[in-house]
Amino acid sequence: MPAGKDGFCPVRAGLFPSYNCRAWCWHDGECPHEEKCCLRGCDYVCLPPSREKPGICPLAEEAPLAPCGTTCTKDWQCPGAEKCCSSSRCGYVCSAPEPDKPGECPKVRPQRTSEPCTETDSCTHDRDCSRQEKCCFSGCAMRCTRPAQEHPGECPQAEPCWDPRRRRGSQCLDDSVCRREEKCCDTGCGWECVAVPRDSGGKAGGQCVEECQADSQCPRGQRCTSIGCGHICMDIPGGRVGVCPIPREMGTCLDLCNFDEECPWGHKCCSNGCGHICTPASLQERDTVAVPQPSAERCPEECEADSQCPWGQRCTRTSCGRVCVDTPGGRGGACPRPGGGTCLDLCSLDEECPWGHKCCSNGCGHVCTRVSGDAV
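Predicted model, so just to flag it, every value in this text is computed and none were measured. (Residues numbered from 1 in each chain as written. Predicted model: local features only at pLDDT ≥ 70, side-chain atom pairs only at ≥ 80, totals over all residues. Heavy atoms only, no water.)

(A) Fine view of the nonpolar core. Ranked by size, the top nonpolar core spans 8 residues in total: L15, V108, C123, C129, C135, F137, M142 and C144. Breaking this core down by element, the ones donating at least two residues are β5 (134–137) and β6 (142–145). Setting aside chain neighbours within four positions, we find C123 in contact with D128, C129, C135, M142, R143 and C144. (Core = buried A, V, L, I, M, F, W, Y, C linked by side-chain atoms within 4.5 Å. Buried < 20%, exposed > 50% of the residue type's maximum accessible area, 1.4 Å probe, protein only. Helix = DSSP H or I, 4+ residues; strand = E, 2+ residues; numbered from the N terminus. Contact = heavy atoms within 4.5 Å.)

Structure follows, in structure tokens:
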């Protein structure tokens, strides 16, 4: 086999130009000029090369006493998947890229419209997305979205494709492009979205339906609810009568409730200035703020992650929405590299943590973490 050409294959997670999975090339030598034979979606095609390896350099610095990695100036000088990343202590060294969040992006084809796509990318990596969301191709640009979820039910057994006219190409590769009552199934003539009946008892094929594991895996306005045998996404109830008191000071940044029906009778799920807690409701308008109903206009969401804020600011929850605010000077020491943890912001600033700790990212939320006393 001929030697490969210089450069790296570009990657756009979730972009599938077709669902037919064909090999239009087998190696770089079959591609013109500098183009390389790359996997794009499930097709092998010739593409202009990228000068950088896939992935993004980590935000977290190495531990103060850790040895410096291999020095470099370009990605190609680093082994395997490592990238050439800037370090305040060691300069440019080979480092493992920021890990992706769990799950797979939905397999989406580019939108076929008469007007060209004018949408710009709203993310470049999973790190830019909140909670369990991943940075995936949306059909036009890169956007934060939930990982692909398999729909409940089982596909019927594929039959031989006796009619060549039905071989018109596959319509899907996973359930994400199908309606909720459909699954992407092999019909024998290709992969198509097929309606799959659900049992009234919440079982499909004798198995409990597990459509979700957390609220963040459901569409906005729905939550993950137990049905006795499994969990499915259901609409959030409209809420109780009454109004929430205006938060006088910022409370704990935890969501101890999600909607009124989780609270004792006479209470509503209200903002405490940072999180949400069960609070006695009032029927008086004085010193209270009306709770917006699902049909009302939502609070402004200026950001969802720190990476969407200007340098020196972080995404902070207010009593209504999230805004970018200046980050205080903070304490000395470097946060350890995040390894994945609970998707809750248990702190916002270093000053909220015990002495010797910093407010560090755990890969999804922020927690107080013990660090070295050496400044970086």
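(B) Broad picture of the pattern of salt bridges. According to the stated counting rule, one finds 10 salt bridges in the structure shown. Residue R143 is joined to E119 by a salt bridge in which the shortest nitrogen-to-oxygen separation is 2.6 Å. With a gap of 24 residues between them, R143 in strand β6 and E119 in the loop between β4 (91–95) and β5 connect regions that are remote in the sequence. Note on R143: relative accessible area 39%, which makes it partly exposed. Linking K183 and E150 is a salt bridge whose minimum nitrogen-to-oxygen distance equals 3.2 Å. Within this pair, whereas K183 is found in strand β7 (residues 182–186), its partner E150 is found in the loop between β6 and β7, the two being separated by 33 residues in sequence. Salt bridges sharing common partners tie together E150, D175 and K183. (Salt bridge = Lys/Arg side-chain N within 4 Å of Asp/Glu carboxyl O.)

(C) Summary view of the side chain of E98. Its place among the elements puts E98 in the loop between β4 and β5. Of note is the side chain of E98, whose polar atom sits 3.3 Å from the side chain of R127. If we skip the residues at most four places from it in the chain, E98 touches I56, C57, P58, L59, H125, R127 and P338. (Polar contact = N/O pair within 3.5 Å; in protein donor to acceptor, adjacent residues only side chain to side chain.)

(D) View of the side chain of D28. Inspection of the secondary structure assignment puts D28 in the segment before β1 (36–40). Within the structure, the side chain of D28 is placed 2.9 Å from the backbone nitrogen of K5, a separation counted as a polar contact. A polar contact of 2.8 Å, which involves the side chain of D28, links it to the side chain of K36. Excluding its chain neighbours within four sequence positions, the residues that come into contact with D28 are G4, K5, E35, K36 and C37.

(E) Representation of unusual backbone geometry within the structure. With phi around 55°, C21 is a residue other than glycine that occupies positive phi space. Along the chain, the position of C21 falls in the segment before β1. Unusually for a residue other than glycine, H33 sits at a positive phi of about 50°. Tracing the backbone shows H33 in the segment before β1.

So far we have only geometry, and geometry alone does not tell us how the molecule works.
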